[in-house]
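# Close look at the chain arrangement
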Amino acid sequence: MKRLLLPLFAVILTACSPKYDKTVTYVERDRFMGKWYVMAGRFTAAEKDAVNSVETYTWNEEEKRIDIDFRFNKGGPDGELKKIPQKAWIVSKDNAHWKVQPFWPFKFDLLILGLDTGYNWTAIGVPDQKYLWIMSRAPSFSRKAIDQILLNLKKKGYDISGIKYVDHYE
């Protein structure tokens, strides 16, 4: 019985969590596609001890979805290369709200919270604020710039506690 109650309790907690829905005004889908280096964030368990984290978004015209190639080295620059392919569907007219499927049948909401006009950096989170990713187009991005992005997110009400930084070795 306990095995059934724990997942049910987790679902109820998630459903009762405050929802965050402040996204950027508009995302040009094709400009957003491409390679993004994960620089900082509050990560999932799968990303523990990740370095060289990179997400590449590719528009799949045939399937009308985004194919996501997420890869990183586990534990250090010479660590095992981990790959986590995912799929995403755009669910808003502003292209800033996606449904991401890391594996079937599960999907979760992904929100584009911040994006500079040159598409050089982005901040992505989830409605319950449990996860957050700050990404840039280049493998080096100043800590000062990341901290400014985090400060702006905090001003908009997004939780920025527990942030970890990702090392990139290239």
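Residues numbered from 1 in each chain as written. Predicted model: local features only at pLDDT ≥ 70, side-chain atom pairs only at ≥ 80, totals over all residues. Heavy atoms only, no water.

For the rest of this paragraph, the subject is the overall build of the protein chain. On a plain count of helices and strands, the protein chain comes out with three helices and nine strands. Counting from the amino terminus, helix and strand elements in the protein chain follow one another as α-α-β-β-β-β-β-β-β-β-α-β. Classification of the 170 residues of the protein chain by burial places 38% in the buried group. Excluding contacts between residues fewer than 6 apart, the proportion of contacts in the protein chain whose partners are at least 24 apart in sequence is 52%. Per element, the accessible surface of the protein chain, about 10,200 Å² overall, is 57% carbon and sulfur. (Helix = DSSP H or I, 4+ residues; strand = E, 2+ residues; numbered from the N terminus. Buried < 20%, exposed > 50% of the residue type's maximum accessible area, 1.4 Å probe, protein only. Contact = heavy atoms within 4.5 Å. Areas by Shrake-Rupley, 256 points an atom, 1.4 Å probe, with all protein chains shown as cover.)

This part covers the packing of aromatic side chains. Applying the stated criterion across every chain, the model contains eight aromatic pairs. Their ring planes at 25° and their centres at 5.6 Å tell us that F32 and Y57 sit as a pair that is stacked. Note that F32 is positioned in helix α2 (residues 29-32) and Y57 in strand β2 (residues 50-60), a separation of 25 residues in sequence. Taken individually, F32 and Y57 each receive the classification buried, so the pair is uniform in this respect. Among the aromatic residues, those joined into a ring-pair cluster are F32, W36, Y57 and W98. Looking at R29, its charged tip hangs above the ring of W59, at a distance of 3.9 Å from the centre. For the cation-ring pair, R143 lies above Y165, with the distance from its terminal atom to the ring centre recorded as 3.5 Å. (Phe/Tyr/Trp six-rings, centres within 6.5 Å; stacked < 30°, edge-to-face > 60°. Lys NZ or Arg CZ within 6 Å of the ring centre and 35° of its normal.)

Bringing the pattern of salt bridges into the picture now. As a working rule, side chains carrying opposite charge can pair if their charged atoms are close by. Tallying each qualifying case throughout the model produces nine salt bridges. K64 is the partner of E61 in a salt bridge, and the nearest nitrogen-oxygen pair spans 2.0 Å. Taking the relative accessible area as the measure of exposure, E61 reaches 46% and is therefore partly exposed. Note that D67 is salt-bridged to R65, the shortest N-O span being 2.6 Å. Bridged by salt links that share partners, the residues E63, R65 and D67 form one connected network. (Salt bridge = Lys/Arg side-chain N within 4 Å of Asp/Glu carboxyl O.)

This next bit is on the side chain of T122. With respect to the secondary-structure elements, T122 resides in strand β7 (residues 121-125). With relative accessibility at 0%, the residue T122 sits in the buried group. A distance of 2.9 Å separates the side chain of T122 from the backbone oxygen of G114, its partner in a polar contact. If near-sequence neighbours (up to four positions away) are discounted, T122 is found in contact with F32, W36, I112, G114, L115, W133, I134 and M135. (Polar contact = N/O pair within 3.5 Å; in protein donor to acceptor, adjacent residues only side chain to side chain.)

Moving on, we get to the side chain of H168. One can find H168 in the segment after β9 (164-165). Residue classification places H168 among the buried residues on the basis of a relative accessible area of 16%. Within the structure, H168 has its side chain in polar contact with the backbone oxygen of V38 (distance 2.7 Å). Every residue in contact with H168, bar those within four places of it in the chain, is listed here: Y37, V38, M39, N52, S53 and P139.

Mapped onto the elements, I124 comes out in strand β7. The exposure class of I124 is buried, given its relative accessible area of 1%. Between the C-alpha atom of I124 and that of L113, which follows or precedes it by 11 residues, the distance is 5.4 Å. If sequence neighbours within four positions are ignored, I124 has contacts with F32, Y57, L110, L111, I112, L113, Y131, L132, W133 and M135.

Any functional reading would require information that these geometric values do not contain.
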